[in-house]
Amino acid sequence: MLLLIPLLPFVGFLLNASFGRRISKAAAGAIACGSMLASFGVSTIAVWRLVGLPPESRALAQTVLRWITSGDFDVSFTLRVDPLSALMILVVTGIGSLIHIYSTAYMHEERDSEYARYFSYLNLFAAFMLVLVLGSNFLVMFVGWEGVGLCSYLLIGFWYQKESAADAGKKAFIVNRIGDFGFILGMLLAFVRFGTLDFQEIARSVAALRPETTFGTLSALTLLLFVGATGKSAQIPLHVWLPDAMEGPTPVSALIHAATMVTAGVYMIGRNAVLFGHAPHTLTIVAIIGTATALMAGTIGLVQNDIKRVLAYSTVSQLGYMFLAMGVGAYTAGIFHLFTHAFFKALLFLGSGAVIHALAGEQDLRRMGGLKRELPITYWTFFTGALAIAGVPLLAGFFSKDEILYRTFAGGHLWLWTVGLLTSLLTATYMFRVVFLAFHGERAGEHPAPSTEHPAPSTQRHLHDAPPAMALALIVLAAGSVLAGYVGVPRAVGGSNRIEQFLAPSFGEVRLKPDATNDARAALLQPGQERQEEAASATEGLERGLMGVSSAIALGGIGIAWFFFLKKKRAADEMAVRFAGVHRVLANKYYVDEMYEAAVVQPIRIASDEGLWNGVDVRVIDGAVNGVGGLVGGSSSALRRIQTGSVRLYAVSVMLGVVVILGYYVWR
Amino acid sequence: MPPGISTSDFYYILPELVLTGGALLVLIADVLLPRGSKALAWVTLLAIGATIASLVPFGSTHVEVAHGLLAVDQFALFFKIVFLGAAALTVLMSVRYLEIEGASPGEYYFLILCATLGMMIMAGGIDLLTIFIGLETMAVSFYILAGFIKPNQRSNEAAVKYFLLGAFSLGILLYGMSIMYGLSGTTNLRTMATAFVGQERDPRLVLAVILVVAGLGFKIAAVPFHMWAPDVYEGAPTPVTAFLSVGSKAASFAMLLRIFLEGLPSMSADWRLMFEVLAIVTMTIGNLAALTQTNIKRMLAYSSIAHAGYILIGVVAGTPRGVAAMLIYLLIYAFMQLGAFTIIIIMRRQDVVGDELKDFSGLHIRHPFAAFAMLLFMLSLGGIPPTAGFMGKFWLFGAAIDAGYVRLAVIGVLNSAISLYYYIRLVVFMYLKPQGAGSPVTTSPSLGIALAVAVIGTIFLGVYPRLLFDLAEMSARTLGVAAVTAAIR
């Protein structure tokens, strides 16, 4: 049954890829959405059956085929559902279905064949993503990992006639390849170290080891895997591709570059929680990189003027949060945030898509404004998403983000906590900057329709709110952004944190770094009634206090945005002028792209032109090849000359062979 | 040898009996059917199919038959499947070829089946006598088949050459075998093996090993016993060349494994050294000589020599894994080699011989599928993933490294790189050169089937090789490899 989950979208892909050109848009859309919804249905059934099992044995597996068997190297194509992957398949198929439905309206102006091509890619992506999360070993995961990378490339460059889109696709692909290289090395090292690629078996053999206090094999292999994660999940220093990836259609940004694919790195660490738990050095690096990325992307998001780019940097920043959670060992919190983030970030992207759709391709915040009246559905859903991501109490983002910050604080990582809090402030500010600039105030004149995405008929001047298919997706996701947090209401405020209990088996016995709250947290992770209550009461006060702080921060951030971008718009410009240097650095994204250009791209270009091509290739390789070629060709002609066709000569050759061997023995 | 054969022995040689019956049926049908009827090919295929069906009861049998003359085991079974499969493909590719050449099909199909029968006996034989009878049955059939196109001078020359040199090398082989018999007093390989324990230093035995190596080296076309191969391959009718390079080679390897692994395990230090040198020389010379060939059949002849070199690596390894790798490679080789020859036969038209490199110019415009299939076979022969050829080489070289012969693997890989040059050159002709002359390239139904089987095999075994791997490992284990491994330690 598990096979059906990725197979259904794959069949959808095959159908649309083979017959897409010949069928109507309605049919192509129906195939794509139908296969996703069916997959969602199967996923729900699978998860339902999983939940029916006792918590300690919650896993369903299906070995599709034994793929490669070579000596003691045995890789089977096995799919496995455990609580962690159960959550992931629900997100991928559930939110995926909504985005498919949304796309039927969003992409409606494409030609029939393009429309089918779009949906075939989207289905293919879903299939690979499901393989990624369902794979029971590294190799199957890697198939999905590479597959989603391919689909991401195809979809970013979907409008391939546009040079910037084609370039962005290439950039994403190349940067991801760098990460994947680390991932492959990590995978190989894991195989060398453990003799298997199966996640469960690796976890089992790691569990018997002590955590690595010095930098050894475990640290190296987890670090290599993390390099893969930085590529896929756009963390420093491989974050540069994600903002450019916004060249793709907006639903793609929502599905691939916000809700699902980019979270694969976080998922991978969660999948190998026990392994990473035994490499504290790597975890520290993960936490620091995550925090730094969160802060950096948050500050850049503050000054971007393209609505999608703001959201892209917001995604990078939120992914940083997730890695922070992973790094401090709060795996549940990280996955919880992944879960809630999928809802509100998909919502925000789809909302921005609705705005772009309404404005016939306009993406510049400065040319928007006052859309609240004209696009009420979009406005209210977008507003909900913004509240959720900002961390306003009682919405989804509040619970998950708060959980991460609390865990960080409780883990004694004061610095990381402070930076996290600051990022939280930034998040609220840049999100509401978008809300206020786009939906409030007055529209800054008639825009000259630069139409990057939609070369729509320019006669149609009046704005239209989201069509039904888009509205449906927006409303469902808005509801999710409000409610998704309630699966993880912390005990401190009277909840039962069900998601933590649900996910706990997937993370095994997560060994934490020794610190003051170790006992308390261990007790939380392993329910033992008495200790649990005791520990909970000890930390409840702290947790409530921190909640208050982050609520205040979130509201403060919204307040700042309100002041600068609604109340006194001039103040923002004045600030930009006063801190011109800072503004320039942020607007130029800390010059990271320029650094890459100067440090990597140019040297490679020069080295390959001057050194490799003119030097090595022409002189050494061509020389050697021509030389060897000449030698080989020469000996070949010589051999040809021996072959005269004379039977006597051939017989002599046979005899000579015998004599030579004999001679060897006589001589010896 | 103890006299008397029981009735149960007849049960175990049922497949051979069925095939013999089928061959006779073909002769009778040739007389009864109208002249030039294509039905004869189907009768032949029916005989092959019945033989394959009769193999079914012996899926897991492991017995010695007729007082140790023949073994019915999975090793033999594996080879029998390869032979019969290759024979079936050969028949499919012969139909139109014979028509164009104007040769009478009756004796032709009969001889194909006779050769197959010989091969089956070679693979099952665990006694020098049965093996020799099998070998002769096969060889004599091939001598005739090579010269089957009577008006064609090159075909005649090929047959005579093959016959003369074959007889010569057979003499060498027999000489070696007779010394083995003289020293052990038995012709049964398994009894012989025990008799030879402790005789490793006997120079007479070493001489016997050298002579047998040389005799078999001729059969598998290993350098320097290979010189007949290019001339015969080029001159013989193309389907015969295909069958010769696949069936005869596989059978000779089966016989080689039986003789050395079952009969001479105690001499493994000597024959491993000899085969190692032969493997290196064969790979290298085969590939080097192939580089400058302009006739595709000749090029494939040298390529086939080089492949014998690769396969010898498995003998040198001598481990169950090495033997399994050989079985895997031989089956994979059958698909890609027969596929390539099918294309050459497709190229044979009334007005074009179609075996010169230039005949393939621009094939992708004349017949895109044929060009694609040929591309696939060339990539597979060169060992490029995801084709089956890659998996085969991967397995062979892996077995070599496993057995401590890293140098052989390295030389093998270097040779694969050289070989790519001439495989890809053909691709260049097909895809990048302007169209050649001659009438349109077409396929017939039977050629289409043969091509489809070869293409599917080449892709399927490259993508999902596990079934074959399991089968080959199981078959390799039934051979007395354990004894060799023990002797090597």
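Keep in mind that what you see is a predicted model, and the values were worked out from it rather than measured.

The rules behind each value
Residues numbered from 1 in each chain as written. Chains lettered and ligands numbered in written order. Predicted model: local features only at pLDDT ≥ 70, side-chain atom pairs only at ≥ 80, totals over all residues. Heavy atoms only, no water. Helix = DSSP H or I, 4+ residues; strand = E, 2+ residues; numbered from the N terminus. Buried < 20%, exposed > 50% of the residue type's maximum accessible area, 1.4 Å probe, protein only. Contact = heavy atoms within 4.5 Å. Areas by Shrake-Rupley, 256 points an atom, 1.4 Å probe, with all protein chains shown as cover. Axes fitted to C-alpha atoms, helices over the stretch in contact; angles between N-to-C directions. Parallel < 35°, antiparallel > 145°, perpendicular 65-115°, else oblique. Left-handed = near helix turned anticlockwise from the far one by under 90°. Nonpolar A, V, L, I, M, F, W, Y, C, P; charged D, E, K, R; others polar. 1 Å grid on protein atoms, 1.4 Å probe; cavity = no way out; pocket = protein on both sides within 12 Å on 5 of 7 lines; lining within 4 Å. Points joined across faces, edges and corners; volume = space filled by probe spheres on them. pLDDT = per-residue confidence, 0-100. Buried area = accessible area lost by both parts, 1.4 Å probe. Salt bridge = Lys/Arg side-chain N within 4 Å of Asp/Glu carboxyl O. Polar contact = N/O pair within 3.5 Å; in protein donor to acceptor, adjacent residues only side chain to side chain. Expected span 1.5 Å × (residues − 1). Core = buried A, V, L, I, M, F, W, Y, C linked by side-chain atoms within 4.5 Å. Phe/Tyr/Trp six-rings, centres within 6.5 Å; stacked < 30°, edge-to-face > 60°. Lys NZ or Arg CZ within 6 Å of the ring centre and 35° of its normal.

**Remarks on the overall build of chain B**
Turning to step 1, where the next piece is worked out: When you go through chain B residue by residue, the secondary structure sums to 21 helices and two strands.
Turning to step 2, where the next piece is worked out: Looking at chain B as a whole, 66% of its 489 residues are labelled buried.
Turning to step 3, where the next piece is worked out: A sequence separation of at least 24 residues applies to 81% of the contacts in chain B between residues at least 6 apart.
Turning to step 4, where the next piece is worked out: In the structure as shown, chain B presents an accessible area of about 16000 Å², 71% of it carried by carbon and sulfur atoms.

**So, the overall build of chain A**
Turning to step 1, where the next piece is worked out: The helix and strand inventory of chain A stands at 27 helices and two strands.
Turning to step 2, where the next piece is worked out: Burial status across chain A gives 56% buried among its 668 residues.
Turning to step 3, where the next piece is worked out: In chain A, 79% of the contacts between residues at least 6 apart in sequence involve partners at least 24 apart.
Turning to step 4, where the next piece is worked out: Accessible area for chain A stands at about 26500 Å²; split by element, carbon and sulfur atoms hold 66% of it.

**Comments concerning the packing of helix α27 (residues 647–667) of chain A against helix α9 (residues 203–219) of chain B**
Turning to step 1, where the next piece is worked out: Close contact between α27 of chain A and α9 of chain B brings their axes to 10 Å; oriented N to C, the two are set at 150°. One finds that α27 of chain A runs roughly antiparallel with respect to α9 of chain B. Here the hand of the crossing between α27 of chain A and α9 of chain B comes out right-handed. Contacts between α27 of chain A and α9 of chain B pair Val-654, Val-658, Ile-661, Leu-662 and Tyr-665 of chain A from the former with Val-206, Leu-207, Ile-210, Leu-211, Ala-214 and Phe-218 of chain B from the latter.
Turning to step 2, where the next piece is worked out: Among the residues forming the contact of α27 of chain A with α9 of chain B, the class breakdown is eleven nonpolar, no polar and no charged.

**Let's talk about the layout of surface pockets**
Over the atoms, a rolling probe the size of a water molecule traces out where space has been left empty.
All names here are of chain A.
Turning to step 1, where the next piece is worked out: Space inside the second largest pocket adds up to approximately 840 Å³.
Turning to step 2, where the next piece is worked out: Considering the residues around the second largest pocket, the lining is formed by 27 residues, among which Leu-302, Val-303, Phe-565, Ala-572 and His-583 are closest to the centre.
Turning to step 3, where the next piece is worked out: Looking at the lining of the second largest pocket, the elements that each hand over two or more residues are α19 (414–439), α23 (529–567), α24 (569–578) and α25 (580–587).
Turning to step 4, where the next piece is worked out: Considering each element in turn, the lining of the second largest pocket owes the most residues, six residues, to α19.
Turning to step 5, where the next piece is worked out: Classifying every residue of the lining of the second largest pocket by side-chain character gives 18 nonpolar, four polar and five charged.

**A closer look at unusual backbone geometry**
Turning to step 1, where the next piece is worked out: That bond from Ile-236 of chain A to Pro-237 of chain A is cis: its omega, 0°, falls within 30 degrees of zero.
Turning to step 2, where the next piece is worked out: Note that Pro-237 of chain A resides in the loop between α8 (217–232) and α9 (241–244).
Turning to step 3, where the next piece is worked out: Residues Val-223 of chain B and Pro-224 of chain B are joined by a peptide bond in cis, for which omega reads 5°.
Turning to step 4, where the next piece is worked out: Within the secondary structure, Pro-224 of chain B is located in the loop between α9 and α10 (228–235).
Turning to step 5, where the next piece is worked out: For Ala-234 of chain A, which is not a glycine, the phi torsion comes out positive at approximately 55°.

**A word on the confidence of the model for chain B**
All names here are of chain B.
Turning to step 1, where the next piece is worked out: A residue-level look at chain B finds 97% of positions with pLDDT of 70 or above and a mean pLDDT of 89.
Turning to step 2, where the next piece is worked out: Every residue in residues 481–489 is under pLDDT 50, and counting partners more than four places away or in other chains gives 17 contacts.
Turning to step 3, where the next piece is worked out: Prediction confidence for the complex, expressed as pTM and ipTM, is 0.65 and 0.80 respectively.

**Considering the environment of Gly-657 of chain A**
Turning to step 1, where the next piece is worked out: With respect to the helices and strands, the residue Gly-657 of chain A is situated in helix α27.
Turning to step 2, where the next piece is worked out: You can call Gly-657 of chain A buried: its relative accessible area is 7%.
Turning to step 3, where the next piece is worked out: For Gly-657 of chain A, the residues in contact, after removing those within four places along its chain, are Pro-224 and Phe-225 of chain B.

**Points about the packing of helix α16 (residues 368–382) of chain B against helix α19 (residues 445–463) of chain B**
All names here are of chain B.
Turning to step 1, where the next piece is worked out: Their axes nearest at 10 Å, the elements α16 and α19 cross at an angle of 40°. With respect to α19, the axis of α16 lies oblique. Between α16 and α19 lies a crossing of left-handed hand. Facing Phe-369, Ala-373, Leu-376, Phe-377 and Ser-380 of α16, the residues of α19 in contact are Leu-451, Ala-454, Val-455, Thr-458 and Ile-459.

**Focus on the environment of Asn-156 of chain B**
All names here are of chain B.
Turning to step 1, where the next piece is worked out: Among the structural elements, Asn-156 can be located in helix α7 (residues 153–184).
Turning to step 2, where the next piece is worked out: Taking the relative accessible area as the measure of exposure, Asn-156 reaches 31% and is therefore partly exposed.
Turning to step 3, where the next piece is worked out: Distance in space between the C-alpha atoms of Asn-156 and Ile-144 is 9.4 Å, their sequence separation being twelve residues.
Turning to step 4, where the next piece is worked out: Among all residues touching Asn-156, those that are not within four sequence positions of it are Gly-147 and Lys-150.

**Structural notes on the interface of chain B and chain A**
Turning to step 1, where the next piece is worked out: Counting residues at the interface gives 34 residues for chain B, matched by 28 residues for chain A.
Turning to step 2, where the next piece is worked out: Buried surface at the junction of chain B and chain A, summed over both partners, amounts to about 2800 Å²; 70% is from carbon and sulfur atoms.
Turning to step 3, where the next piece is worked out: In this assembly, chain B and chain A are joined by zero salt bridges.
Turning to step 4, where the next piece is worked out: For the interface between chain B and chain A, the tally reads three residue pairs in polar contact (both at pLDDT 80 or more).

**Details of helix α5 (residues 138–156) of chain A**
Turning to step 1, where the next piece is worked out: Given a rise of 1.5 Å per residue, 19 residues ought to cover 27 Å, and the 26 Å separating the end C-alpha atoms of α5 of chain A matches this to within 8%.
Turning to step 2, where the next piece is worked out: Two or three places before Leu-139 of chain A, at the opening of α5 of chain A, Asn-137 of chain A has a side-chain oxygen 3.1 Å from that residue's backbone nitrogen.

**Observations regarding the nonpolar core**
Turning to step 1, where the next piece is worked out: Formed by 203 residues in total, the largest nonpolar core has its most connected members in Ile-259 and Phe-260 of chain B.
Turning to step 2, where the next piece is worked out: At 22 residues, helix α14 (residues 320–347) of chain B tops the list of elements feeding residues into this core.
Turning to step 3, where the next piece is worked out: Sequence-distant contacts of Phe-260 of chain B, defined by excluding residues within four places in its chain, comprise Val-209, Val-212, Val-213, Leu-216, Pro-265, Trp-271 and Phe-275 of chain B.
Turning to step 4, where the next piece is worked out: Of all hydrophobic cores here, the second largest spans 176 residues; its members include Val-81, Tyr-313, Met-326 and Ala-390 of chain A.

**Some thoughts on the packing of aromatic side chains**
Turning to step 1, where the next piece is worked out: A complete count under the given rule lists 51 aromatic pairs over all chains for this structure.
Turning to step 2, where the next piece is worked out: Aromatic pair Tyr-115 of chain A and Phe-119 of chain A: ring centres 5.0 Å apart, planes at 70°, arrangement edge-to-face. Residue Tyr-115 of chain A and its partner Phe-119 of chain A are located together in helix α4 (residues 112–134), separated by four residues, close to a single helical turn.
Turning to step 3, where the next piece is worked out: Assessed through its relative accessible area of 2%, Tyr-115 of chain A is described here as buried.
Turning to step 4, where the next piece is worked out: On the basis of relative accessible area, Phe-119 of chain A is assigned to the buried category, the value being 0%.
Turning to step 5, where the next piece is worked out: On the numbers, 5.3 Å between centres and 45° between planes, the contact of Phe-382 of chain A with Phe-439 of chain A is tilted. With Phe-382 of chain A in helix α17 (residues 376–390) and Phe-439 of chain A in helix α19, the pair connects residues that are 57 residues apart, well separated along the chain.
Turning to step 6, where the next piece is worked out: Note on Phe-382 of chain A: relative accessible area 0%, which makes it buried.
Turning to step 7, where the next piece is worked out: With relative accessibility at 1%, the residue Phe-439 of chain A sits in the buried group.
Turning to step 8, where the next piece is worked out: Ring pairing ties together the aromatic residues Tyr-379, Trp-380, Phe-382, Phe-383, Phe-432, Phe-436 and Phe-439 of chain A, which thus form one cluster.
Turning to step 9, where the next piece is worked out: When the ring centre of Tyr-115 of chain A is taken as origin, the NZ or CZ atom of Lys-25 of chain A, which lies over that ring, is 5.7 Å away.
Turning to step 10, where the next piece is worked out: Positioned over the ring face of Phe-429 of chain B is Lys-433 of chain B, at 4.6 Å from the centre of the ring.

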